[in-house]
Amino acid sequence: MASPVEIVRQAQGCESRREGAAAVALLASVTDVAGIGPRAAQAFGRLLGAGPVPSLFDLLGHAPVGLDQRAVVEDLRPVPAGTKVLARLVVEAHLPPEHPKRPYKIRCRDRGGFVHLVFFRAKGAWLRQRLPEGEARWVAGSVDRFGYEIQITHPDSVLSAPPGGTEDGSAVQPVYPLVQGIGQAFVRRGVAAAVAGLPDLAEWQDPAFVAVQAWPDPRNALRTLHEPREAADLLPQAPARRRLAYDELLAGALALQLVQGRRRRQSGRTTRGDGRLRRQVEAALPFALTGGQQAAIRQVEAEMASPLRMVRLLQGDVGSGKTLVGLQAMLIAVEAGRQAVLMAPTDLLARQHARGLSALLAPLGIEPVLLTGRQPAAQRRGALARLASGDAAIAIGTHALFQDGVAFADLALVVIDEQHRFGVHQRLDLAAKGALPDLLVMTATPIPRSLILTVYGDMAVSRLLEKPPGRLPVTTRVLPLERMDDILAAVERALAGGERLYWVCPVVAEDEGSELVAAETRATGLAQRFGAIVGLIHGRMGPVEKGEAMAAFQSGARPILVATTVIEVGVDVPEAGVIVIEQAECFGLAQLHQLRGRVGRGNRPGTCLLLYRGPLGRIAKERLKVLRGTEDGFVIAEEDLRLRGPGEVLGTRQSGMPDLRFADLGAHADLMAAARQEAKLVLARDPRLTSPRGRALRGLLRLFGKTQAMSYLASG
């Protein structure tokens, strides 16, 4: 099996590869590391969220979050039971069990005498490979006594060389984030093997800047990240961490500059409407458009009339009226004799959009088509025919809109609702359905300005800061689960007053060992008290079941709807006045704000009850305090970023949100600004990245997954 160094040599021998060869070698599979086979690779893929075959760089990007410091002990006899130690042991003999249910023992020796290592359900061949007779190993674990015998049961780690720091009588090992079924020892072995094979990496940063910052080179930065000596080495401001964060931010900034350059070179089409349809819709509304809506519509109108392609982000808090702006944009395309589509992240939300917009479009003589993944075949064929012929001017649907076989007569505008629920490739696939159609992306998730620059830096941004007239405030209360009797009594009073009520739980079903309350269990409990008026909706249900549950809730037949976060985005039932969120400490701030936005949409104020299970940690307390204190989604977004980091604020890994490995947008704001400036300078001097540094930067782009940007670079 080739080592990382051998892979580098092979890459360096290939003259056609222009990017940094050593950097590209880190994109090899983790199975190229000695000791990591296909099963281990799958486990790492699950841990890292990187698919079944993660790369070496995926593994090296799994940063430790703490330190495990142990005393180095030469003689285990005086050590109290339960003490965590690191001991140098010489393996003397393997003692396989006579019966499979008995433990496998390995007799070892330290300076004071015999020590037994004990394993249950372990494979002898694997143990003999890790602990060969006659050789010394550094064993970390908890001291135990069985009669007069000293033993360590299932050691935390077995190393052939001592970890860092043993010279001062203690040993330090990194502590990594884990998922169920994967242990520290497994992760440490894999990372240590990857670090041991790290090749020399060409310097892609400006050497003068690196010198001023006193940063290590990229190879030593990765080594230091995984071989910390003290807690300070793990902080965002540690030199190695800042170096790696800047690498990551520069890769992102270069990619955005390349995308922006590509977009500037793309000619769109001039799409001008005469305003007749938009005026009719506005005249029919029972309220006036807000100043923010009017400004956003003017911006969209001007960009659609320009020969350059529009790529605009429309950001607005819950209830700020984004959908109406999107409708007016689509009507510009229809007025010009062309087509527009609105894409939603779920079948439920697409159907809701279709119902709401059809009511506004019917007086105009426009009948939108609905296209989702689970339509009857005849209905789907009819929709496809209307789109291909141009008979349908507006289409509303899910990801089914950009699947093969969907053709448009003249697609001029794509409107995407809740962009963060879609991957970047999905956005591009849909755009390819037309001749570079204009793109309007909408999100109700308040995004901090730093994230807008990082995630949506290739887009112009419109912000809706006002709420439409008539939106009423939502009263938010925080209560412990111990007050469940009082809460149920309050629910009873709300129902008697004609309210409809959401009850949100963190998971769908009970999971053994988990303390999270499940929607199915809560629905059963509420039905025992309130009867058949309790409905249930969650993500594992099919579209028909979801539609029936929502229809029963909307009609009032079942005024209690127990749900998971499937109702988080876009669900609009004006009659719903109360939302109970159980174990609110399990949700992020932005998510809680989105859920709270499901109520208070009608003609009376809403109520949000946040139920928590104590004791609460510091971050959970701060989160609930912020939510109780403000309804301003942008304030909440900034606090969410501060408390949880960018990877959680937008909620999903597959979102187009950069999965930041090293950078902390709160701690590294100065580096983000420097990276944007450096990216502009680099591409101004070397637009094709053909210089020695440019070739190294190509490797950096590949390392951080900026392959789309690389294709723009290659095509000029």
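Our structure's up above, just so we're on the same page.
Bear in mind the structure is a predicted one, so any value in this text is a computation, not a measurement.

Peer 1: Please give an account of the pattern of salt bridges that cites residues and values.
Peer 2: All chains considered together, the criterion is met by 31 salt bridges. With a closest N to O distance of 3.7 Å, R188 and D68 form a salt bridge. Here D68 lies in strand 1 (residues 66-73) and R188 lies in helix 6 (residues 184-196), a separation of 120 residues in the sequence. Since its relative accessible area comes to 9%, R188 is described here as buried. Taking the relative accessible area as the measure of exposure, D68 reaches 13% and is therefore buried.

Peer 1: Give me the lowdown on the pairing of strand 4 (residues 113-119), citing residues and values where you can.
Peer 2: Of all 7 residues making up strand 4, 6 are buried, and the element is well covered by its neighbours. As judged from the 7 bridges shared by strand 3 (residues 104-110) and strand 4, these two strands associate in the antiparallel manner. For R109, the partnering residue across the bridge sits in strand 4 and is F114. The turn linking strand 3 back onto strand 4 is made up of 2 residues. When strand 4 meets strand 6 (residues 149-153), the two strands line up parallel, connected through 3 bridges. Note on strand 6: the bridge partner recorded for H116 is Q151.

Peer 1: Give me the lowdown on helix 13 (residues 347-361), citing residues and values where you can.
Peer 2: Its 15 residues place the ends of helix 13 20 Å apart at the C-alpha level, agreeing with the 21 Å of an ideal helix rising 1.5 Å per residue. Taken as a whole, helix 13 has its buried residues at D347, L348, L349, A350, Q352, H353, A354, L357 and L361.

Peer 1: Can you explain the pairing of strand 20 (residues 576-581)? Please cite residues and give values.
Peer 2: With 6 of 6 residues buried, strand 20 lies mostly within the body of the structure. Looking at chain direction, strand 17 (residues 500-504) and strand 20 are connected through 5 bridges and run parallel. Bridging across to strand 20, R500 finds its partner in A576. Sheet analysis places strand 20 next to strand 21 (residues 606-612), joined by 4 bridges and oriented parallel. Paired with I581 across the two strands is L610, which belongs to strand 21. What joins strand 20 to strand 21 is helix 20 (residues 589-596), and the crossover it makes is right-handed.

Peer 1: Give me unusual backbone geometry: which residues, what numbers.
Peer 2: A cis geometry characterises the amide bond from G614 onward to P615, with omega recorded as -5 degrees. Relative to the helices and strands, P615 resides in the loop between strand 21 and helix 21 (618-629). The phi angle at A214 is positive, at roughly 55 degrees, despite the residue not being glycine. Relative to the helices and strands, A214 resides in the loop between helix 7 (207-213) and helix 8 (218-226). Here A214 falls in the exposed class, since its relative accessible area comes to 56%. For Q583, which is not glycine, the phi torsion reads 50 degrees and is therefore positive.

Peer 1: Let's hear about the sheet that holds strand 19 (residues 560-563): which residues, and what values?
Peer 2: Here we have 6 strands laid out as an open sheet, ordered 16-21-20-17-19-18, and parallel in their pairing. Single-partner strands in this sheet number two, and they are strand 16 (474-480) and strand 18 (534-537). In this sheet, neighbouring strand axes are inclined to one another by 20 degrees on average, regardless of whether the strands run parallel or antiparallel.

Peer 1: Quick one: what's the story with the packing of helix 17 (residues 484-496) against helix 18 (residues 519-530), residue by residue and with numbers?
Peer 2: With their axes 12 Å apart at the nearest point, helix 17 and helix 18 run at an angle of 60 degrees to one another. The way helix 17 lies across helix 18 gives a crossing that is right-handed. Where helix 17 abuts helix 18, its residues M484, L488, A489, V491, E492 and L495 lie against R522, L526, R529 and F530. Residue composition of the contact of helix 17 with helix 18, grouped by class: 7 nonpolar, no polar and 3 charged.

Peer 1: Which residues make up helix 20, and what values go with them?
Peer 2: Counting buried positions along helix 20 gives 7 out of 8 residues, so the element sits mostly inside the fold. Turning to helix 20, its buried residues are L589, A590, L592, H593, Q594, L595 and R596.

Peer 1: How would you sum up the packing of helix 10 (residues 276-284) against helix 12 (residues 322-335)? Please name residues and give values.
Peer 2: Close contact between helix 10 and helix 12 brings their axes to 8 Å; oriented N to C, the two are set at 150 degrees. In this view, helix 10 runs roughly antiparallel relative to helix 12, as classed from their interaxial angle. When helix 10 is examined against helix 12, the residues R276, L277, R278, V281 and E282 are found in contact with a partner set consisting of L324, L327, Q328, L331, I332, V334 and E335. Residue composition of the contact of helix 10 with helix 12, grouped by class: 7 nonpolar, 1 polar and 4 charged.

Peer 1: Summarise the side chain of T476; cite the residues concerned and give the values.
Peer 2: With respect to the helices and strands, the residue T476 is situated in strand 16. Polar contacts involving the side chain of T476 include one to the side chain of R596, which spans 2.8 Å. If we skip the residues at most four places from it in the chain, T476 touches R596, C608, L610, L627 and R628.

Peer 1: Break down the nonpolar core for me, with residues and values.
Peer 2: Counting residues in each nonpolar core, the largest one holds 62 residues, and the members touching the most others are L59, W204, L254 and L697. The biggest single contributor to this core is helix 9 (residues 239-265), with 11 residues. The residues touching W204, leaving out its near neighbours within four places in the chain, are A23, P218, R243, D247, R693, A696, L697, L700 and L703. Among the nonpolar cores identified, the runner-up in size contains 38 residues, and L277, L324, L331 and A344 belong to it.

Conventions used here
Residues numbered from 1 in each chain as written. Predicted model: local features only at pLDDT ≥ 70, side-chain atom pairs only at ≥ 80, totals over all residues. Heavy atoms only, no water. Salt bridge = Lys/Arg side-chain N within 4 Å of Asp/Glu carboxyl O. Helix = DSSP H or I, 4+ residues; strand = E, 2+ residues; numbered from the N terminus. Buried < 20%, exposed > 50% of the residue type's maximum accessible area, 1.4 Å probe, protein only. Pairing = 2+ DSSP bridges. Expected span 1.5 Å × (residues − 1). Right-handed = clockwise from strand over helix to strand, strands pointing away. Axes fitted to C-alpha atoms, helices over the stretch in contact; angles between N-to-C directions. Left-handed = near helix turned anticlockwise from the far one by under 90°. Contact = heavy atoms within 4.5 Å. Nonpolar A, V, L, I, M, F, W, Y, C, P; charged D, E, K, R; others polar. Parallel < 35°, antiparallel > 145°, perpendicular 65-115°, else oblique. Polar contact = N/O pair within 3.5 Å; in protein donor to acceptor, adjacent residues only side chain to side chain. Core = buried A, V, L, I, M, F, W, Y, C linked by side-chain atoms within 4.5 Å.

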